[in-house]
Protein chains: 2
Amino acid sequence: MDIQKTHNIGTLGPSMKGQKVTVAGWVEDLRELGKLTFLTLRDVTGVSQIVVAGPDNLAQVKDLTRQSVVRILGTVQESKARDFTFEIKADTIDVLSRAVHPLPIDPLGRLESGIDNRLNARALDLRNQKTAAIFKLRHNTLLCIRKTLTDLGFLEVNTPKIIGSASEGGANLFSLKYFDKQAYLAQSPQLYKEQLTLGLERIFEISSFYRAEKSHTVRHLTEFTSIDIEAAFMDYTDVMQILESLVVNVFEYVEKNCISEQKSLGIEIKKPKAPFDRVTYTQAIEELGKQGLELQFGDDLLDSHLRKLGELHPGFYFLTDWPLKLKPFYIHEKDDPSLSKSFDLQYGYLELSSGGRRLHDPQKIRARLVEQGLNPAQFEDHLRAFDWGMPPHSGWGLGLDRLMAVLTQIDNVREVVLYPRDPERLFP
Amino acid sequence: MDIQKTHNIGTLGPSMKGQKVTVAGWVEDLRELGKLTFLTLRDVTGVSQIVVAGPDNLAQVKDLTRQSVVRILGTVQESKARDFTFEIKADTIDVLSRAVHPLPIDPLGRLESGIDNRLNARALDLRNQKTAAIFKLRHNTLLCIRKTLTDLGFLEVNTPKIIGSASEGGANLFSLKYFDKQAYLAQSPQLYKEQLTLGLERIFEISSFYRAEKSHTVRHLTEFTSIDIEAAFMDYTDVMQILESLVVNVFEYVEKNCISEQKSLGIEIKKPKAPFDRVTYTQAIEELGKQGLELQFGDDLLDSHLRKLGELHPGFYFLTDWPLKLKPFYIHEKDDPSLSKSFDLQYGYLELSSGGRRLHDPQKIRARLVEQGLNPAQFEDHLRAFDWGMPPHSGWGLGLDRLMAVLTQIDNVREVVLYPRDPERLFP
């Protein structure tokens, strides 16, 4: 039995009247009306009405369950139905796959299911146009990000996810047995991407990374997708500028190119105004003080503080120049050495990205490792590269899943990841 | 101290005579000549000659080691040197980073180092234009692959790499502790990508996957990059066609767009002739028999057989219609049920890709699991999705690292991976 289609439903129209087409897709609805059956057929590109007549064809669709897969050879004709400008009169019908009812969730979303039920039946959940729209937006977001960074001279690289030493301090790493050695899953490409500026100057990576943290929030996953860049001869303000234009580009691109996805989701995506607010840490604690939230210099900002700052700076904003001691060992100090050349990109309380200028002097890095209670000897493999002509460099990591949550105006990152992983969820 | 540059060296030329520019890069050579020092400076885009004069500037470059990083504000002028059409007369010189000698390898490649030494100093190895060219080609290959698949209506997806059950039989999986559960690193996105055709029809993924196999060959890594597609309403011949045009597109794209990289590598990349030879398994054992290599139907093809077939079919060729019993449980049988709707894409003895039509009838899959000594109960989570309207579908996985080895005419896949992982290599 042949299984191919000649046309995607989305490419058909009333102008093709009289044309023979072969379409295939999922049965969304079936209505008997006298001697005819009207079948609503959806593929990934669109939806159409199929008119079924004649004893053989009617026998084929009798008892056919919704979401079964059929292939139809037929003729395009005008439709008198209110919802369709054209329809397809079926010549032959092949049932390719029968859906077994009851289905675990209603893929049309008319009966709402909780997120756990939907994730447990994710493949079927994607037949819901709202869910499918999220992943079409995700594809387009990735396209736009890669194009933007490539146009800026960044090369895409792949760094290892199985690493031999616990980098960046080693907290919250998944560990695994690597033959007779101990290994870990990378939490970020931080050390690799810094090294790569020595040879490739500007690089980016988009990949899964792993954090063994028992967080039960709507914004943490144990396996997440990170977009990382690192650039030689750039200061932190330069890569901040790149991040800002990247985010603006993404919103502009999907605003213009993903009209039907916005409609499916019932949202309007609008390009954010640039420049984003740039708030130094010192300004931030002043602003919070005026709101009755007293903080000392050096205190970390908690969710409640970030929520308040989000109210004061709606939309995207940068929090910059953090106290050095709050930042990892590789972050560069400012002229005032209590401050750092660092920034977070925030959306309300949500941290989307963290970045900064990196130290490129290995002596300074060794001193900072000791200050932070880490052992420089464990980083010697990494630090060797800093003797080979390490350029000054800056970079950031951007959480794709969080960006997608903001873009789609959805709170829970589990909604924008096909098969999310959290401490409780390892299936499907 | 400022660290930015105004120009990439590759964008300069003799037509910019008299213009002030700031460049930055790595010192490749230093020659004193009377009261001048000539410095060869390279960034990722090109190489230029810097003329250094005057006591302050000469003091800056005195004792400067090769591969140190400098930033130069200067003026473009004509050059009388044989190798340069222009040069930069330095006004000011900042030394941004000093390289400490001796370096572990010669980054200019004049002294050849073994692959282990180069991999141990990978960041520095990338200053070798030959090595850098490989990763520029890899970036461009990825660009072209994503564009080709997107244009064909495929959506890029991210499937989980931490999986809860040992899919595809479970041999050679790395296992890890996932909080209080047992988990594994995915060897392929096979089961996920099949499920996703139910909602998204055509999907692809480009990601790292993991195989805990103690192989010590030039073509096996424990962490490798795989390009995977899966498409509803396509038979195996359809996705074979897509694979063929994808490979041809990649070669054509880099042939035209990566001229200087080919020069650096000393190779000429040529678009392969299509269609590729298509040799059925049955034909292959006949051809081998004529060459004195006797095989029975059902015997697997060993390296020696594939090498011989590679001689008979130079370049890319497909080996199709394998005995069903040699193929995984999810592969669809042909009308003759001893054969399967399957193919490998070969280049000589090297298997680049494996694919086929998949079973979409869950009863057939259960029967095949039993036949292969696997327990259907362990796959019930996966098989549930086949009751929700699973379309007929086909797909393939293509090893990016092997493809890059063929493209760059290099034998060892370790050369085309930045930080390769094999049973012995876990660092850097």
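Please read all numbers here as calculations on a predicted model, not as lab measurements.

Procedures and definitions
- Residues numbered from 1 in each chain as written.
- Chains lettered and ligands numbered in written order.
- Predicted model: local features only at pLDDT ≥ 70, side-chain atom pairs only at ≥ 80, totals over all residues.
- Heavy atoms only, no water.
- Salt bridge = Lys/Arg side-chain N within 4 Å of Asp/Glu carboxyl O.
- Helix = DSSP H or I, 4+ residues; strand = E, 2+ residues; numbered from the N terminus.
- Buried < 20%, exposed > 50% of the residue type's maximum accessible area, 1.4 Å probe, protein only.
- Pairing = 2+ DSSP bridges.
- Least-squares fit on C-alpha atoms with pLDDT ≥ 70 in both.
- Contact = heavy atoms within 4.5 Å.
- Phe/Tyr/Trp six-rings, centres within 6.5 Å; stacked < 30°, edge-to-face > 60°.
- UniProt positions renumbered as here; feature names shortened; annotations may be inferred.
- Domains from an automatic or database assignment.
- Polar contact = N/O pair within 3.5 Å; in protein donor to acceptor, adjacent residues only side chain to side chain.
- Arc of directions from axis to C-beta.
- Buried area = accessible area lost by both parts, 1.4 Å probe.

S.K.: Looking at this structure, I do not really get the pattern of salt bridges. What am I missing?
M.R.: If the charged atoms of two oppositely charged side chains come close together, the side chains can form a pair. Counting across every chain of the model gives 68 salt bridges over all chains. Across the pair Glu 28 of chain B and Arg 42 of chain B runs a salt bridge, and its minimum N-O distance is 2.6 Å. Here Arg 42 of chain B lies in strand E2 (residues 36–43) and Glu 28 of chain B lies in strand E1 (residues 20–33), a separation of 14 residues in the sequence. In this pair, the class of Glu 28 of chain B matches that of Arg 42 of chain B, namely buried. Overlapping salt bridges bring together Arg 118, Arg 122, Asp 125 and Glu 415 of chain A as one network.

S.K.: Help me understand the pairing of strand E5 (residues 86–97) of chain A in this model?
M.R.: Residue and element names in this part refer to chain A. As judged from the three bridges shared by strand E3 (residues 46–52) and E5, these two strands associate in the parallel manner. The partner of Ile 50 across the bridge, within E5, is Ile 88. Where strand E4 (residues 69–78) lies against E5, ten bridges are found, and the strand directions are antiparallel. Paired with Val 69 across the strands is Ser 97, a residue of E5.

S.K.: Please clarify how the relation of the copies chain B and chain A should be interpreted in this entry.
M.R.: When chain B is fitted to chain A, the residual RMSD is 0.0 Å, and the transformation amounts to a turn of 180 degrees plus an axial shift of 0.0 Å. This pairing of chains is accounted for by a two-fold axis. Residue Leu 176 of chain B of chain B places its C-alpha closer to the rotation axis than any other residue of that unit, at 2.4 Å. Residue by residue, 100% of the interface of chain B is reproduced at the interface of chain A, so both copies engage with the same surface.

S.K.: When you look at the packing of aromatic side chains in this model, what are you seeing that I'm missing?
M.R.: Aromatic ring pairs are described here by two measures, namely the spacing of the ring centres and the angle between the planes. Residues and elements named next belong to chain A. Summed over all chains, the structure comprises 28 aromatic pairs over all chains. Ring geometry for Tyr 281 and Trp 322: centres 5.7 Å apart, planes at 40 degrees, overall tilted. Taken together, the residues Tyr 281 in helix H8 (residues 281–290) and Trp 322 in the loop between strand E13 (316–320) and strand E14 (342–347) connect sequence positions 41 residues apart. A residue is classified by how much of its surface remains accessible, and Trp 322, at 5% relative accessible area, is buried. Measuring from centroid to centroid gives 5.3 Å for Phe 329 and Tyr 330, while their planes differ by 80 degrees, and the two rings are edge-to-face.

S.K.: Looking at this structure, I do not really get the UniProt feature "binding site: ATP" (unreviewed entry) in chain A. What am I missing?
M.R.: Using the residue numbers shown here, the UniProt feature "binding site: ATP" (unreviewed entry) corresponds to Arg 211, Ala 212, Glu 213, Arg 219, His 220, Leu 221, Glu 351, Gly 399, Leu 400, Asp 401 and Arg 402 of chain A. Other than its neighbours up to four places away in sequence, Ala 212 of chain A contacts Asn 172, Leu 173 and Phe 174 of chain A together with Phe 179 of chain B. Along the chain, His 220 of chain A turns up in the loop between strand E10 (202–210) and strand E11 (223–232). Looking at His 220 of chain A, the relative accessible area reads 22%, which means it is partly exposed. Once you skip the residues sitting within four places of it in the chain, His 220 of chain A turns out to touch Glu 213, Ser 215, Arg 402, Val 413 and Arg 414 of chain A.

S.K.: Sorry if this is basic, but what is going on with the sheet that holds E13 of chain A here?
M.R.: Two strands in a sheet stick together by hydrogen bonds in their backbones, pointing the same way (parallel) or opposite ways (antiparallel). Residue and element names in this part refer to chain A. The sheet built from eight strands is open, its strands ordered E6-E10-E11-E16-E15-E14-E13-E12 with mixed pairing. In the strand order of this sheet, the two ends are held by strand E6 (155–156) and strand E12 (277–280), each with one partner. Pairing between E6 and E10: two bridges, direction parallel. Bridge pairing links Glu 156 to Phe 204 in E10.

S.K.: Just checking my understanding: could you explain the domain arrangement of chain A for this structure?
M.R.: You can read the domains of chain A as domain 1 (9–97) and domain 2 (124–416). Relative to domain 2 of chain A, the C-alpha centre of domain 1 of chain A lies at a distance of 48 Å.

S.K.: Just checking my understanding: could you explain the UniProt feature "binding site: Mg(2+) 2" (unreviewed entry) in chain A for this structure?
M.R.: All names here are of chain A. The residues that UniProt annotates with the feature "binding site: Mg(2+) 2" (unreviewed entry) are Glu 351 and Ser 354. With respect to the helices, strands and loops of the structure, Glu 351 is situated in strand E15 (residues 350–358). The residues touching Glu 351, leaving out its near neighbours within four places in the chain, are Asp 344, Leu 345, Gln 346 and Arg 402. Tracing the chain through its elements places Ser 354 in strand E15. The residues contacting Ser 354, other than those within four sequence positions of it, are Lys 327, Phe 343, Asp 344, Trp 396 and Gly 397. Polar contacts involving the side chain of Ser 354 include one to the side chain of Asp 344, which spans 2.9 Å.

S.K.: What should I look at first to understand the side chain of Glu 230 of chain B in this one?
M.R.: Among the structural elements, Glu 230 of chain B can be located in strand E11 (residues 223–232). At a separation of 3.5 Å, a polar atom in the side chain of Glu 230 of chain B contacts the main-chain amide nitrogen of Gly 395 of chain B.

S.K.: Before we go on, may I ask you to explain helix H10 (residues 362–371) of chain A in this structure?
M.R.: Along an α-helix, residues three or four positions apart point the same way, because every turn accommodates 3.6 residues. All names here are of chain A. Taken as a whole, H10 has its buried residues at Pro 362, Ile 365, Arg 366, Arg 368 and Leu 369. On an axial view of H10, the arc spanned by its buried residues comes to 165 degrees, and they lie on one face. Exposed side chains of H10 directed beyond 90 degrees from the buried face belong to Gln 363, Val 370 and Glu 371. At the exit of H10 stands Gly 373, carrying a positive phi of roughly 75 degrees.

S.K.: Whenever I open this one, the interface of chain B and chain A confuses me. Can you help?
M.R.: Interfaces are often sized by the accessible area lost when the parts come together. Taken together, the 96 residues of chain B in the interface contact 97 residues of chain A. Of the roughly 8,200 Å² buried between chain B and chain A on both sides combined, carbon and sulfur atoms contribute 63%. On the chain B side of the contact with chain A, Phe 179, Phe 233 and Trp 388 of chain B bury the most area, a combined 10% of that side's loss. Our enumeration of links across chain B and chain A arrives at four salt bridges. Notably, a salt bridge pairs Arg 146 of chain B with Glu 156 of chain A, separated by 3.4 Å at the nearest N-O pair. Connecting chain B to chain A are 42 residue pairs in polar contact (both at pLDDT 80 or more). Broken down by element, the residue count for the side of chain B that touches chain A peaks at nine residues, all from helix H4 (residues 129–151) of chain B.

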